Each structure stands twice: as C-alpha cells, then as structure tokens.
Amino acid sequence: MISAKQLSNYVLVSLLVFFCACTASAQPKSMSYPSPNQVKITDRMWSPILERTRTVTIPDVLDKFEGRHIDHVAQDADNFWSPDRGRVAGEESKERSHNTLRNFELVAEGHVADGGHFGFPWFDGLIYETITGISDYLLQHPDPAMEQRLDQYIRRIETAQKADPNGYINTYTTLMENNHRWGENGGNLRWQHDVYNSGCLVEAGVHYYKATGKTQLLEVATRLANYMYDYMAGANHNVVPGHALPEDALIQLYYLYKSEPSLEKSISVPVKPDNYLKLAKFWVDQRGKTDGRRPLEAYAQDAETIFEAKTIEGHAVRATLFWTGVADIALASHDEQYCSAAKRIWDNMVGRRMFITGGVGAIHEDEKFGPDYFLPTEAYLETCAAIGAGLFSWRMNELTGDAKYMDVLERIIFNSIPTAVSMDGTNYTYQNPLNADKMNRWPWHDCPCCPPMLLKFTGMLPSMIYAVSGSNIYVNLFIGSTSTLQVPGVGDVEISQQVDWNTGKVAIQVRSEKSKKLRLHVRIPCWQSGQELPLGLYSSNLSITEQEKSGYLTFKNPKDDIQLTLNVSPRIVKADDRVRQLRELCSLASGPFVYCAEKIDNEAVWDNLNLAERQYNLDARHPIMGVTPLRSTDGEITAIPFYMIANRCNDTAYRVWTK
Ligand SMILES: [Zn+2]
C-alpha cells in the first residue's frame, strides 16, 4: 500500500520530489510507545527546557504547594479555608497554614467537617498530578533526594487514607462537607472533585511505582480503586466524575496489573484489573444518562451520550481529558463504536475549534469550548486544555496509526507547552491568548492546575517521539534524541536524530542487525503542504501541489542514514473564511512554530502593525533570548516564537494575528 524508497547514503531528500513515496496510513493499527526512560532527548531546544524543568520548576512547584512562597499566595482570596486564617502570627505559621500537605495531616488527625481546608477542593488532585509528573522525570534521572521528598508526601497520603475504613480519601470533602462524599446527599461533585482527585491518585500510584518500584502509593491507589468500583460500577450506582481524567487513570491501572501479574503479591489489598477497566467504561457509558441524581450538563460532558455527541463541548480541560478516556476505551475494547465517536469529536475539535497554537477553549466563562469557527484572538486557551488536546491526539495516533494526530500533537508541543513556563522556570501562564496588550506571568495562582499538568506532559515527552507497530518504527516528532527500540521480529533497533529548525535539516540514523524486515516511517508534517493543522482550518502561502500530501514517508530496510530537509521558509497563515474573527488577519509561522510580534521589538510600527505584503527570513545570526526570530527583509518587523512571549517585561503587548 505504501510505495517505499530506499535512499542511498546521505542523500538529501527533497520532499517535493519524493512526495509520491508518502501516503497517510489508512489501516487502523495500534501503536506502542517507548517508556520515557527509553528515549534520551538531545535537542537544542528541548534539552535545556527539560533540564530547567527538572532542576528548577519541579522544586519550585513543590515549594509553592508547601506554602514556602507565601508572598505569592493570595492570602485574602475567598478560596482559602485555612484553620489558621485570621490568627496568623509569624512566617512559620503562615507557611504551615498555606501548606497543601497539611490537609492530609488534618484528615489523618481525625478532623471531620470542622472547616479547616487549605485551597480549592481539587488540590489533592494537583498534588497527585505533581507526583505523576515528577515520577516520569525520576524514571529518566534518578534523584534520591527528590524521591525522599515525595516519600514524605506519600506517607501523609497513606496515613490520611487510613482514617477511613473504606479507603476513601478526599481532604476537602472530609474536612468541609463530609456528608457529601462522592457528591451525594445534596453535594456537588462538579465542585468537590472527589472522583477527579481519586483518579489523579490512581495515576500517581502507577507512575510512582514505575519510576521507583515502590508499591506504597500504588496500594493506596488500588484500595481506593476497589472502593470506587464497589460503590459505583459494581453496584450500578450512577456516579460519574465531575471532572474527567479518572477514566484514563483507571485504564492505566488496568494495563499495569495486566502487564505485571506478579505485582499482585506485593499489594496487600485485592487486585482486580478487569474491574478497573469496567469502572472506566462505566464512567464513559453513564454520561448523558441519569436517574435524576444530577443535572445533565454539557459543562462536564454529561448532557448526552458519547454516541449522540457530534461536537466537543463544555469545560475545555474536562472535555479533552474525557475524550482521551473515550479513546482509551476504544483501544482497550476494540469497539468500533467508541473509536468512531472519538474520531468524530477529534475532527470537530481540530477542524473547527482549535486555535493556531493548538490551544483550545475559546470562552472565559466556564473555561469552555465555543461554537464552530469561533476563534477570537483574545480567547482564553488554558494551558491544561492544550495539554488535554495533546493527550487526546496522542491517544488517537495510538488507536489509528494516522499521522494527522501527530501533526496536532506537534503543534501543541512546540507552541502551547513551552509557553506555559517562563525562561527562569518559575513563572507560569494559565490563559494563553493569541493577542494581548497586558500579558503577565504569575509566580503562583489560586488555582495552580497548569504547572502540575505541565510537569506531567513534559515528563512523558520522550515517549511521544517514536512509535513501534509490528516491524515498523514511526518517527512522529522531530526532536533530537537517541533510543534503542524493541521491534517485534527485528530485535533492538538503535535510532537517533538531529534537528536544526534554522535550516529544516533532519538527520536520522538507524542501526539494526536485521534491518531487512524493518520499515521506517517518517511523519511529513502537514505544514509542509500549506496546511497548518489537519482538516484545513488554517492554510499558508507555502506552495501547494497536487502530489504533496502529509502522512508518513516510508523507508524499507533503512540501514543507511537519512537526511530530510523540511521547508521552514517563513510563511503567512490565514484562517478559513468561516472564522469571522480572523477575516482580514494573518499570522506568521516557520516549521512547527507560530510566531508573534511583541511590542518591545516593534515599537516603531506598533500602531500600524501589518505583517502581510512583506518577505521574512529566519535571522539565526541575531537571536533574541537565545532563539531565532523572523525578520522582515525591510527590517521593520521582528517576530519571536509564540512560546517565548512575556519573558522580558511586565504587561507585555504582543500579536499573533494582525492585519
Ligand atoms: Zn490549568
């Protein structure tokens, strides 16, 4: 089905010539990805970002959750129910009362519904998500001191769980409204986040075990998963997560125990992997159904069944994580109905509701998706929502083997992800509008959900670059890296790549004893052929010919080195005419990067900023903040990659879209 070309040693592949060798994969297939420690990233852009995240951002996030940066905590906000509030004396006491870990201690000490909880109800979940993220970093870089720090967290979590005979653990609900567990008896699950928190705990247990081999948190997670199964799916009791994520988490738990049956012996509670899958499926299947137990809300993907849904709706983080879970169910069950529902919704998201940076969630109110083709420049675009869209896209590639899903993941990875944290590694974004007049990063937030999600996503990044399916290797992302992949029927295959975004040159080396059986598929991004995202929502002025198709370029018996030159010429991008907010506007891109003009670089022309009708070059000789800007040949306009916004001054003014 795929005509393949064997290339001689170090042939420069002109993609225009060889596009006939390239076709989108049509057969449904299941891909597998190496674990994060099987791929070492050696990339000019990503290595410093990941090292900074590991050494600066991770300790920063933990310090802030522990209340050690109390200057940054909005102490007067209504969101804090600290027992010490109002009678704070001295820094030490303040630090203690703003320490999220204190919630676990209060539960362990036996406090029940006496009004002492710090932070929003989902702070437990954020702590667990942080543990998940750090676990994947630990897997790549063992760090005994960090492990010890997390072990102290885990001891507190375990002790808090022991306060309940069933293993129920949600510090907010226990401390504030104990009679509303799981949102029952007049509670509100959408606010309380009981099931969300529990799902995050399960995910953390899985990842921490994989990183360290320690089973303490996994046992806590398994006890809780058993309780949830008995209470919900096992009793056919219609409780579904008010915030998605647990679907994916329970399936991770299922896969872990299925792949390591002997692990059961190390766990002192019953291990029932099939129940964890059933519970996740139950949560998906019960959406849009109710026996009057809860309002059916689009906000929480609960207004209709997944088979009725035609559009992606509601809170953007919840929605993207929910559909990730649906894709998980499709993968685990091989049920075509779930697969086609997930495909339909992904097409709606990417074809009509995704922003040029891969961000989603147009509307501030309810942090939700807007209607089709509603893509305003000042849109909300929460960091977590882009991450959710990335996870959904990654799972769809796993399910189908189709390169288009990786086109979207690439867009998110190179634009929405590195934007989320400042160059110094300690200041974050929550909203990521494409045009702004006063953009500021924050050191910490009343709702610090984005930094943990960022840690989790970047911890998994090494897993996203390559995939294996049968005797095939897929190069899905262009990120400098080396790996030894286990390929069925072929054995160990060493693969490495080097990437230069200033020139578009990608060099790939493959070493294998039995390369004759091996097929190497390299993703040719859709931006090469004039489409910024699959499905045509944005197009560029890169020359388009009939033969140019995105998809995988296949190499048989790839024993020689391969060099590709991707066309990174700066391009002018326009949106589909149906996007009213972007008519008459254009933006700039090169390679996978969306560019943006900051006022600080364009003072002279700011009031009349006009990107079109100019030629641009990548100006590698005059980097800004260490990255290559685009400069117009008349010298009037300078644009930097979007991910570098708001690093040089307060109240940054910038534009992705201009006239
Ligand atoms: Zn967030």
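Residues numbered from 1 in each chain as written. Predicted model: local features only at pLDDT ≥ 70, side-chain atom pairs only at ≥ 80, totals over all residues.

1. With respect to unusual backbone geometry
Here's step 1: The phi torsion at Asn-185 lies on the positive side, around 55 degrees, for a residue other than glycine.
Here's step 2: Take Asn-185: it is sitting in the loop between α7 (171-176) and α8 (189-192).
Here's step 3: Judged by local crowding, Asn-185 falls into the exposed class, with 9 C-beta atoms found within 10 Å. (Helix = DSSP H or I, 4+ residues; strand = E, 2+ residues; numbered from the N terminus. Buried ≥ 20, exposed ≤ 12 C-beta atoms within 10 Å, placed from the backbone.)

2. Looking at helix α10 (residues 216-231)
Residues lying three or four places apart along an α-helix face the same way, a consequence of the helix completing one turn every 3.6 residues.
Here's step 1: Compared with an ideal rise of 1.5 Å per residue, which puts 16 residues at 22 Å, α10 spans 23 Å between its outermost C-alpha atoms and is within 8% of the ideal.
Here's step 2: Of all 16 residues making up α10, 13 are buried, and the element is well covered by its neighbours. (Expected span 1.5 Å × (residues − 1).)

3. Looking at the domain arrangement of the chain
Here's step 1: If you check the domain split of the chain, you get domain 1 (12-32 + 466-568), domain 2 (101-290) and domain 3 (572-655).
Here's step 2: Every contact between the two is made by 14 residues of domain 1 and, on the other side, 12 residues of domain 3.
Here's step 3: The residue makeup of the side of domain 1 that touches domain 3, split by class, is seven nonpolar, six polar and one charged. (Domains from an automatic or database assignment. Contact = placed C-beta atoms within 7 Å. Nonpolar A, V, L, I, M, F, W, Y, C, P; charged D, E, K, R; others polar.)

4. Quick notes on the packing of helix α9 (residues 194-212) against helix α11 (residues 246-259)
Here's step 1: The N-to-C vectors of α9 and α11 enclose an angle of 30 degrees; their axes lie 8 Å apart at closest approach. Taken together, α9 and α11 sit at an angle that is classed as roughly parallel. Here α9 and α11 pass one another in a crossing that is left-handed. Side by side, α9 and α11 meet where Val-195, Tyr-196, Ser-198, Gly-199, Cys-200, Val-202, Glu-203 and Val-206 of the first sit next to Pro-246, Ala-249, Leu-250, Gln-252, Leu-253 and Leu-256 of the second. (Axes fitted to C-alpha atoms, helices over the stretch in contact; angles between N-to-C directions. Parallel < 35°, antiparallel > 145°, perpendicular 65-115°, else oblique. Left-handed = near helix turned anticlockwise from the far one by under 90°.)

5. Thoughts on the nonpolar core
Here's step 1: Counting residues in each nonpolar core, the largest one holds 202 residues, and the members touching the most others are Leu-253, Val-326 and Ala-342.
Here's step 2: Ranked by residues supplied to this core, first place goes to helix α13 (residues 316-333) with 11 residues.
Here's step 3: Excluding residues within four positions of it along the chain, Leu-253 makes contact with Val-202, Val-206, Ala-221, Ala-225 and Tyr-276. (Core = buried A, V, L, I, M, F, W, Y, C linked by C-beta atoms within 7 Å.)

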